[in-house]
Amino acid sequence: MTSSVRPPFTRESAMEKVRLAEDAWNTRDPGKVALGYTVDSRWRNRAEFLNGREEIIAFLTRKWNRELDYRLIKELWAFTGNRIAVRFAYESHDDSGQWYRSYGNENWEFDDEGLMAHRYACINDLPINEADRKYHWAIGRRPDDHPGLSDLGL
């Protein structure tokens, strides 16, 4: 499998790659998300280390069984050649109804076909009141007219 957006990245193609990743993650479909990564992709997500699509699918399945009503916004931070750095925030709640806004940074490295070969993510969770939520679109893709992270002051 290949991606339509391949390195070396321009500002426009890096921004497109970030939005494509955001859109995929907002599907909350582990199998679909995993197709954006190489079969032997290596991740560090918080303190968890993953290798390959099968582990990615298992991880995302666990994640979205725990992080309910998940909605994500990603924003380009920097890019060069075959690498992109993003910052992101997502909102979700646990099965007790406690909402969180999780803030993070990711460093991505892509192969020549545009699939992500390496993903390094640092994430912090902030408990929030439901009234403090900022992401109110229907589950799925963030609408084009919904503010991004900078617009929301996040």
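Below you will find a few notes about this structure. (Residues numbered from 1 in each chain as written. Predicted model: local features only at pLDDT ≥ 70, side-chain atom pairs only at ≥ 80, totals over all residues. Heavy atoms only, no water.)

## What to know about the pairing of strand β1 (residues 37-45)
A regular strand places its side chains on the two faces of the sheet in alternate fashion.
Okay, step 1: Pairing between β1 and strand β6 (residues 116-128): 5 bridges, direction parallel. The residue bridging Tyr 37 from the neighbouring strand is Met 116, located in β6.
Okay, step 2: Between β1 and strand β2 (residues 48-51), which pair antiparallel and follow one another directly, the connecting turn spans 2 residues, one of which, Arg 46, has a positive phi of 60°. (Pairing = 2+ DSSP bridges. Helix = DSSP H or I, 4+ residues; strand = E, 2+ residues; numbered from the N terminus.)

## A few points about the side chain of Arg 142
Okay, step 1: Along the chain, Arg 142 falls in the loop between β6 and α4 (149-152).
Okay, step 2: Here the side chain of Arg 142 touches His 146 through a polar contact of 3.1 Å, landing on its backbone oxygen.
Okay, step 3: Here Arg 142 is in contact with Arg 19, Glu 22, Asn 26, Ile 73, Trp 137, Pro 147 and Gly 148, once residues within four sequence places are set aside. (Polar contact = N/O pair within 3.5 Å; in protein donor to acceptor, adjacent residues only side chain to side chain. Contact = heavy atoms within 4.5 Å.)

## Notes on the environment of Val 18
Okay, step 1: Of note, Val 18 is situated in helix α1 (residues 11-27).
Okay, step 2: Residues within four places of Val 18 in sequence aside, it is in contact with Lys 74, Glu 75, Leu 76, Ile 84, Val 86 and Trp 108.

## Describing the packing of aromatic side chains
Okay, step 1: Using the criterion set out here, one finds 10 aromatic pairs in the structure.
Okay, step 2: Between Trp 25 and Trp 43 the ring centres are 6.0 Å apart and the planes differ by 20°, which places this aromatic pair in the stacked class. Of this pair, Trp 25 sits in helix α1 while Trp 43 sits in strand β1, and the two are 18 residues apart along the sequence. Trp 43 matches Trp 25 in its accessibility class, with the two residues each being buried.
Okay, step 3: Consider the rings of Tyr 135 and Trp 137, whose centres lie 5.3 Å apart with planes at 25°: the pair is stacked. You'll find Tyr 135 and Trp 137 in the same group, each marked buried.
Okay, step 4: Pairwise contacts between aromatic rings join Trp 25, Tyr 37, Trp 43, Phe 59, Trp 64, Tyr 70, Phe 88 and Tyr 90 into one cluster.
Okay, step 5: Its end group placed over the ring of Phe 88, Lys 74 keeps NZ or CZ at 5.0 Å from the ring centre. (Phe/Tyr/Trp six-rings, centres within 6.5 Å; stacked < 30°, edge-to-face > 60°. Buried < 20%, exposed > 50% of the residue type's maximum accessible area, 1.4 Å probe, protein only. Lys NZ or Arg CZ within 6 Å of the ring centre and 35° of its normal.)

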